[in-house]
Amino acid sequence: MKKNVLLMLLLPFWLLAQEDEVVKDTTTVTTTDYIIIEGDSIPKTSIYLDEVMLLPKLEFKSKEDRRRYLILWRKTLKVYPYAKLAAERLETLNERLNTLEKRSEKKSYARKVQKYIEEEFSEELKKLTRTEGQILVKLIHRQTGKTTFELIKELRSGWRAFWFNSTASLFDISLKREFDPANVEEDFLIEDILIRLSQGGHLKLRAPAIDFDYFELSDKWANAKTTTN
């Protein structure tokens, strides 16, 4: 039963050109090589750097808080690729369904996607723990803007969505769970972990489908820790 629940979390979704080097006489500079702005000269050939977010320093009240953060880090890194894939599969599915007119064609295509996802990810999803499954549900909401329950309801039926949610609850997994970093500290920590993993090149992060400001929330949770000390 656990295998079926975890599988259902994903079932509905699924240069630079080289130029010849030009050697210029460094003793001679012409205005055509620079852009003049209020007396300052800027080379026309500019170097554009990737945007880098200056993240706040991590601080923990205790070793236990640090340990929990590191465990959450490991679990988030493990399940995020599935949530990212779910969003990508959902986009592809919706784009394809919009091109189909007959209901029978849409059902047939949805079943093919479902079978493909089952065959590709069933063994991996079976390895997820209860907490990893719940993190996956929340990240699917982050990526798509909809809960897993809502996605199942839209792509299958309301009754099946209710049934799978009830079954998941046996494992303390709610398919209705939203990603809410503004009010749930663990969700904020998950977002913090995602950003740090992205900055470190460990994953390619998609922008969230829900609206929130990471830095505002960072200040909020930092102040909350200060007032409780």
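The rules behind these values
Residues numbered from 1 in each chain as written. Predicted model: local features only at pLDDT ≥ 70, side-chain atom pairs only at ≥ 80, totals over all residues. Heavy atoms only, no water. Helix = DSSP H or I, 4+ residues; strand = E, 2+ residues; numbered from the N terminus. Areas by Shrake-Rupley, 256 points an atom, 1.4 Å probe, with all protein chains shown as cover. Axes fitted to C-alpha atoms, helices over the stretch in contact; angles between N-to-C directions. Parallel < 35°, antiparallel > 145°, perpendicular 65-115°, else oblique. Contact = heavy atoms within 4.5 Å. Nonpolar A, V, L, I, M, F, W, Y, C, P; charged D, E, K, R; others polar. Core = buried A, V, L, I, M, F, W, Y, C linked by side-chain atoms within 4.5 Å. Buried < 20%, exposed > 50% of the residue type's maximum accessible area, 1.4 Å probe, protein only. UniProt positions renumbered as here; feature names shortened; annotations may be inferred.

Under an unreviewed UniProt entry, the chain has the name DUF4294 domain-containing protein and belongs to Mesoflavibacter profundi.

Enquirer: What exactly am I supposed to notice about the overall build of the chain here?
Expert: The helix and strand inventory of the chain stands at 8 helices and 2 strands. Beginning at the N terminus, the succession of helices and strands in the chain can be written as α-β-β-α-α-α-α-α-α-α. Summing over all exposed atoms, the chain offers an accessible surface of approximately 15300 Å²; the carbon and sulfur share of this is 51%.

Enquirer: Just to check I follow, could you spell out the packing of helix H4 (residues 130–144) against helix H7 (residues 185–199) for this structure?
Expert: Two measures define how a pair of helices packs: the angle their axes make with one another and the distance between the axes. Orientation of H4 relative to H7, taken along the N-to-C sense of each, is 70 degrees, at an axis distance of 12 Å. On the basis of the axis angle, H4 is roughly perpendicular to H7. Across from Ile135, Lys138, Leu139 and Arg142 in H4, the residues of H7 making contact are Glu186, Asp187, Ile190, Glu191 and Leu194. Among the residues forming the contact of H4 with H7, the class breakdown is 4 nonpolar, no polar and 5 charged.

Enquirer: Got a minute to help me understand the nonpolar core in this structure?
Expert: Nonpolar side chains in soluble globular proteins tend to be buried together. Ranked by size, the top nonpolar core spans 28 residues in total, and within it Leu136, Leu139 and Ile190 carry the most contacts. At the level of secondary structure, the elements contributing two or more residues to this core comprise helix H2 (63–99), H4, H7 and helix H8 (214–228). Counting residues per element, this core draws most heavily on H2, which supplies 8 residues. The residues contacting Ile190, other than those within four sequence positions of it, are Leu72, Thr76, Ile135, Lys138, Leu139 and Phe179. Of all hydrophobic cores here, the second largest spans 9 residues; its members include Val137, Ala161, Phe164 and Ile173.

Enquirer: Can you walk me through the UniProt feature "coiled-coil region" (unreviewed entry) in the chain in this structure?
Expert: In the numbering used here, UniProt assigns the feature "coiled-coil region" (unreviewed entry) to residues 83–110. For residues 83–110, the end-to-end C-alpha separation is 18 Å, with 89% helix and 0% strand making up the annotated structure.

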